[in-house]
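What follows is each chain in one-letter form.
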Amino acid sequence: MITDLYRYPLKGFPAQRLEVVDLNVGQGIAGDRALALGFNSQHVEPAGAWTPCQAFQRMSIRPDLTRYQLDVLDETLRLTSPQGLVEHIDEDSKCLVNLATNFGEKTPVHRRKEGGGYWDHPDAALSIINIATIEEIAKTLKRPIAPLQFRANIYVRAEPWAEFHWLGQSLEIGDARIDIIRPIDRCKTTSVNVDTGELDVNMPAALQQHFGHMFCGVYASVRNTGRIGTPAIAQITPSAGQSAVRKAASVSTAPSLPHWPRPATICETRHEAEDIKSIWIEDSLSDIGALSDFKAGQYIRIHGLGGERIWRSYTVSAVQEGKLRVTVKRDIGVGSQAMHNLVAGDMVTLTGPFGEATLRDPCKAIHFVSAGIGITPIIAKLSALAVLKYAGPIVVHHVARDPEKLALWDEIEQAAAALPNIELHLYLTQNTGDRRTAHHGRPNCHAVIEQANIAQADIHICGPNGFVRSLDDHIEAANIPRERIFRDSFSSPSVTVNMREIAPSPPIKVTLSKSNIIDYWRPQDGTLLEFAEKRGVITPSHCRAGICNTCQCNVIAGATERLVGEEGEDRVRTLLCTSIPTETLTLDI
């Protein structure tokens, strides 16, 4: 059901509600984001060509824009400030006059060429938000969320989060037909309360914490011309292949495919051991490259599990022809129970693969130390090493309770048969049963780590927290370099959503090396990203909440303080959107 239609005549400012719109192939709603106000003399492409949002005034840096009143008067826009100042913008307007004090002298008015808009991405002609999804977010956050915080063109009502399963399909509304091409990655703009003009909840971080991703809504492109109004019935129909999605994935500003929440199908489940089950999942976007960059040791996230619609991360234990396998132990958790209840044919929402606990090349030797279900990344890595015909020394130490609780060990032995220089050590703590080569009891963790240290081996660890902590103590005592330690760890639903206040500070000298800018940062400059933008530097950024890592850059000299997440300093890399300098600083931007 189509419930509401909107356009945003002036980018970053309030919406105009529409009753009827005409959709034309390759275009958005006429007049949507057709005008924009320049920001800090940033470069804007000539002749109305698309330009990134960093060049314009927008709510992510000016939350108060939502408090301006925008009226469309024939061919003129009337923009009224909260203080009552009025600016009329027409086809002859080149710079702001009456509102120059609000935005800066000679703030230019930019016009997009006909049929286009200054959208967040060059292909983001139409954005769609599911009101039921917003209601679920509000329920989860226990606070009201206005749908207009997400600034969509078309508002629909369907099952919560159903829109992610529309990827690669079409929405038919009367004669109009639009292709669903990409999920929408959300930024700090969605944190702005549209009534107060103030930053409210950190929405990208809240989405990440509660739903495991920072996406909400989908982008669409017009396939067939038509007129739509409200209310209207919309039908989901199959599209002609994945060409529109493939094209959307190739746009330079789009998030990478692994981050997209997307539909996936359970194609097989298999009992591996007592309370351990393998689940094969077919990725709907594998044929356009969603799994192309997979590395052994990475994990995926499954979203919307159980009645509570939670998310959980699972290490990939195998990948084969567009399908991936996770191996899950049943416990009392909601996620584990929901995964064990999946059967062939079920649909889930998938993101990933993610993670950096992968194989390093080159390395002198590799030692794996795992316990219980921690065997899952080990089998994936051994299989990858077999394919690579790795000839270096490999040692595997794995601990399980008894043969009935032992999963995937037969696959470990099969992979080992293809590796010329490998030792396998299996430890069963209760009984060895028919596993004649198994050790009864637990390994000597000190000896295990000492052996790896002598071999100058990379050490890959996965297992229960207590097991990993015990190994960490021995690793620290042995003073093994951090770059040789790989722990299979991944994001949990615990994500900090609030940014700490910037404390008073004297001016600090900051150099932006690639931009040839040297200036002094002061607390009123805000984050380092805001500091750079105020000085005319456009650097890649998106969420402005410390989640997406788009604005990460190298620290050449000095240190920065984190304002989100674990407190501390960064001296190697920093997130510009959530950090400030603590001493004289040089950044590689």
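Up top is the structure these notes are about.
What counts as what
Residues numbered from 1 in each chain as written. Predicted model: local features only at pLDDT ≥ 70, side-chain atom pairs only at ≥ 80, totals over all residues. Heavy atoms only, no water. Helix = DSSP H or I, 4+ residues; strand = E, 2+ residues; numbered from the N terminus. Rg over C-alpha atoms; globule rule 2.2 N^0.38 Å. Contact = heavy atoms within 4.5 Å. Areas by Shrake-Rupley, 256 points an atom, 1.4 Å probe, with all protein chains shown as cover. Lys, Arg positive; Asp, Glu negative; His and termini not counted. Charge placed at Lys NZ, Arg CZ, Asp CG, Glu CD. Pairing = 2+ DSSP bridges. Axes fitted to C-alpha atoms, helices over the stretch in contact; angles between N-to-C directions. Buried < 20%, exposed > 50% of the residue type's maximum accessible area, 1.4 Å probe, protein only. Polar contact = N/O pair within 3.5 Å; in protein donor to acceptor, adjacent residues only side chain to side chain. Core = buried A, V, L, I, M, F, W, Y, C linked by side-chain atoms within 4.5 Å.

### Quick word on the overall build of the chain
Move 1: When its secondary structure is counted, the chain shows 10 helices and 35 strands.
Move 2: Here the C-alpha atoms of the chain give a radius of gyration of 27 Å, agreeing with the 25 Å that 2.2 N^0.38 yields for 589 residues.
Move 3: For the C-alpha atoms alone, the extent of the chain along its principal axes is close to 85 × 60 × 40 Å.
Move 4: Sequence separation of 24 or more characterises 69% of the internal contacts of the chain that already satisfy a separation of 6 or more.
Move 5: When the accessible surface of the chain is totalled, it reaches about 26200 Å², and 47% of it is carbon and sulfur.
Move 6: The average position of the 60 basic charges and that of the 68 acidic charges among the side chains of the chain differ by 2 Å.

### Examining the sheet that holds strand β22 (residues 366-371)
Move 1: Strand order in this open sheet of 6 strands is β25-β24-β23-β22-β26-β27, and the pairing throughout is parallel. Across the chains shown, the open sheet's two edge strands, defined by having one partner strand only, are β25 (439-440) and β27 (485-487).
Move 2: Where strand β26 (residues 458-462) lies against β27, 3 bridges are found, and the strand directions are parallel. What sits directly across from Ile-461, in β27, is Arg-487.
Move 3: Here helix α6 (residues 375-388) sits on the sheet in contact with β22, β23 (394-400), β24 (422-428) and β26, set at roughly 150° to β22.

### Considering the side chain of Thr-107
Move 1: Counting through the fold element by element, Thr-107 comes out in the loop between α1 (100-103) and β8 (109-111).
Move 2: Here Thr-107 falls in the buried class, since its relative accessible area comes to 5%.
Move 3: Polar contacts involving the side chain of Thr-107 include one to the main-chain carbonyl oxygen of Gly-104, which spans 2.7 Å.
Move 4: When neighbours within four sequence positions are excluded, Thr-107 is seen to be in contact with Leu-37, Gly-38, Lys-94, Cys-95 and Leu-96.

### Digging into the nonpolar core
Move 1: In terms of nonpolar packing, the biggest core is built from 50 residues, with Leu-23, Ile-128, Ile-137, Ile-154 and Ile-178 touching the most fellow members.
Move 2: The next biggest cluster of nonpolar side chains, apart from the first, holds 25 residues, and it includes Ala-400, Ala-407, Ala-415 and Leu-419.

### Description of unusual backbone geometry
Move 1: Following Thr-230, the chain continues into Pro-231 via a peptide bond in cis, with omega recorded as -10°.
Move 2: For the bond running from Gly-352 to Pro-353, omega is 10°, close enough to zero to count as cis.
Move 3: Inspection of the secondary structure assignment puts Pro-353 in strand β21 (residues 347-354).
Move 4: Phi is positive for Trp-161, which is not a glycine, with a value near 65°.
Move 5: In this fold, Trp-161 is placed in the loop between β10 (154-156) and β11 (169-173).
Move 6: When its relative accessible area of 7% is taken as the criterion, Trp-161 is described as buried.
Move 7: A positive phi angle, near 55°, is found at Asn-479, a position not held by glycine.

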